[in-house]
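What follows is the residue order along each chain.
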Amino acid sequence: MGADGTLRRRRLALEKEAEEKKSGSEASDSPANRTKRNGLLPCRTGLGVAAALVPISAALIAGATVSSCYLLTESQTPFIDKGIIFPAISFLGVSGDAKLIYQVGFATTGLLLLCTVFLLNVIVASHLAKSGILVENQTGGGTSVDFEKSVLAASRAVKTGAVSAMGVLLQGIFVLEMKPGWQSIIHWAGALIFMMGAQAHAQEVILLYEKTASPALHNLLRGSLEWKRACINAPAIIFVVPIGLQIVRVFLGLDAGAVVQNAMGIVQWGIIASFVLFFVSYAYDCWRCINSFGFLGPPAARPAADD
């Protein structure tokens, strides 16, 4: 609580300083400059919408891919009659007509996620890096703005995000085989790369959003930060599902094998869905940042350290 209170007071001070600078700049702003800036608003809106559509499209294509493969696999290799409602997602692209859809769909999703990470870097992360993050002073108390840590966190966020997207691409192109071989190994490696990359990416992004020294960015992205926290906390909640399924099995008399597969399937589906929703939140971030600041971003906060 003490650390949070110190950071909050420091951010309020920075916010007040930013407002004073804004008032001074507006007072000296000429009518010609205001007219020129207002003329760029439609352009900003269009760019914001275009940037927002990239992560949204990735999520929609991923959802459509899973849905289509689910229906096709059920029609050609029935699994619902066996009591399996939530099979492993990889199983949906093993064979039949669903295999090509799985490959094209997830390869497209991976490429769109790469584009999303690029947009995040240009529109949001670069501004967060320049703004610095608030850190507590080890000696003397108070807080200061650390630009080195913000640059490193932004760099790690972009790199891990790109790694995660490559994992999606890899597991999509190299689908699971009926008889596990080298292709299945690459598929499992791709899935693991996605999960580990997405987790590391989420941690770095939340750090940047949470401790940015820019009052403008902090206020603008506050709702998005809460959404991201909820997405990361969701997987922990999902792990209670297997217990619930065990209870359902007793009352409905389901086969133990089907229950285990459903439990594992629900956990997998839930975790992947939480990361998809995490990436979707960048649609809001990019749209708001472009409409609010353009590509230049807010001015970097460079206050002196607290006494």
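For the structure itself, consult the block above.
Note that the structure is a prediction, hence the values are computed from the model and not measured.

Rules used throughout
- Residues numbered from 1 in each chain as written.
- Predicted model: local features only at pLDDT ≥ 70, side-chain atom pairs only at ≥ 80, totals over all residues.
- Heavy atoms only, no water.
- Helix = DSSP H or I, 4+ residues; strand = E, 2+ residues; numbered from the N terminus.
- Buried < 20%, exposed > 50% of the residue type's maximum accessible area, 1.4 Å probe, protein only.
- Contact = heavy atoms within 4.5 Å.
- Polar contact = N/O pair within 3.5 Å; in protein donor to acceptor, adjacent residues only side chain to side chain.
- Expected span 1.5 Å × (residues − 1).
- Phe/Tyr/Trp six-rings, centres within 6.5 Å; stacked < 30°, edge-to-face > 60°.
- Axes fitted to C-alpha atoms, helices over the stretch in contact; angles between N-to-C directions.
- Parallel < 35°, antiparallel > 145°, perpendicular 65-115°, else oblique.
- Nonpolar A, V, L, I, M, F, W, Y, C, P; charged D, E, K, R; others polar.
- Salt bridge = Lys/Arg side-chain N within 4 Å of Asp/Glu carboxyl O.
- Disulfide = S-S within 2.5 Å.

Asks: Go over the environment of glutamate 177, please, and point to the residues and values.
Replies: Within the fold, glutamate 177 resides in the loop between α5 (147–173) and α6 (182–211). Relative accessible area serves as the criterion here: at 25%, glutamate 177 is assigned to the partly exposed category. Measuring from C-alpha to C-alpha, the distance between glutamate 177 and histidine 187 comes to 9.1 Å, with ten residues separating the pair along the chain. If we ignore the near neighbours within four places in the chain, the residues touching glutamate 177 are Val94, Trp182, Gln183 and Ser184. A distance of 2.9 Å separates the side chain of glutamate 177 from the backbone nitrogen of glycine 181, its partner in a polar contact.

Asks: Lay out the environment of tryptophan 287 in plain terms, naming residues and giving numbers.
Replies: By the element assignment, tryptophan 287 lies in helix α10 (residues 256–293). Of the residues examined, tryptophan 287 reaches a relative accessible area of 35% and is grouped as partly exposed. Tryptophan 287 sits 241 residues away from glycine 46 along the chain, and the two C-alpha atoms are 9.3 Å apart. When sequence neighbours within four positions are dropped, the list of residues in contact with tryptophan 287 reads Gly48, Val49 and Ala52.

Asks: Tell me about α5, and name the residues and values.
Replies: With 27 residues, α5 extends 39 Å between its outermost C-alpha atoms, agreeing within 8% with the 39 Å of an ideal straight helix rising 1.5 Å per residue. Where α5 begins, the capping side chain belongs to aspartate 146, and its oxygen is found 3.0 Å from the backbone nitrogen of glutamate 148.

Asks: Can you explain the packing of aromatic side chains? Please cite residues and give values.
Replies: In total, this model carries ten aromatic pairs according to the counting rule given. Here the aromatic rings of phenylalanine 194 and phenylalanine 275 are separated by 6.1 Å at their centres, their planes lie at 80°, and the arrangement is edge-to-face. Of the two residues, phenylalanine 194 sits in helix α6 while phenylalanine 275 sits in helix α10, which places them 81 residues apart along the sequence. You'll find phenylalanine 194 and phenylalanine 275 in the same group, each marked buried.

Asks: Report on the packing of helix α4 (residues 97–131) against α5, specifying residues and quantitative values.
Replies: Running from amino to carboxyl end, α4 crosses α5 at an angle of 175°, the nearest separation of the two axes being 7 Å. For the element pair α4 / α5, the angle class is roughly antiparallel. Of the residues that constitute the contact of α4 with α5, the class distribution is 20 nonpolar, nine polar and one charged.

Asks: Quick rundown of the pattern of salt bridges? Include the residues and the values.
Replies: Oppositely charged side chains can pair when the atoms bearing their charge come close. Inspection of every chain in the model, using the stated rule, returns four salt bridges. Ionic pairing is found between arginine 156 and glutamate 204, a salt bridge with its closest N-O pair at 3.0 Å. Taken as a pair, arginine 156 in helix α5 and glutamate 204 in helix α6 lie far apart in primary sequence, 48 residues in all. Among the residues examined, glutamate 204 registers a relative accessible area of 16% and is labelled buried. Among the ionic pairs, arginine 229 bridges to glutamate 210, the shortest N-O distance being 2.4 Å. Taken together, the residues arginine 229 in helix α8 (residues 222–238) and glutamate 210 in helix α6 connect sequence positions 19 residues apart. With relative accessibility at 31%, the residue glutamate 210 sits in the partly exposed group.

Asks: If you had to explain the state of the cysteines to someone new, which residues and values would you point to?
Replies: Taken as a whole and assessed by the stated rule, the structure comprises zero disulfides. Cysteine cysteine 286 remains unbridged, with the sulfur of cysteine 289 as its closest cysteine sulfur at 7.2 Å.

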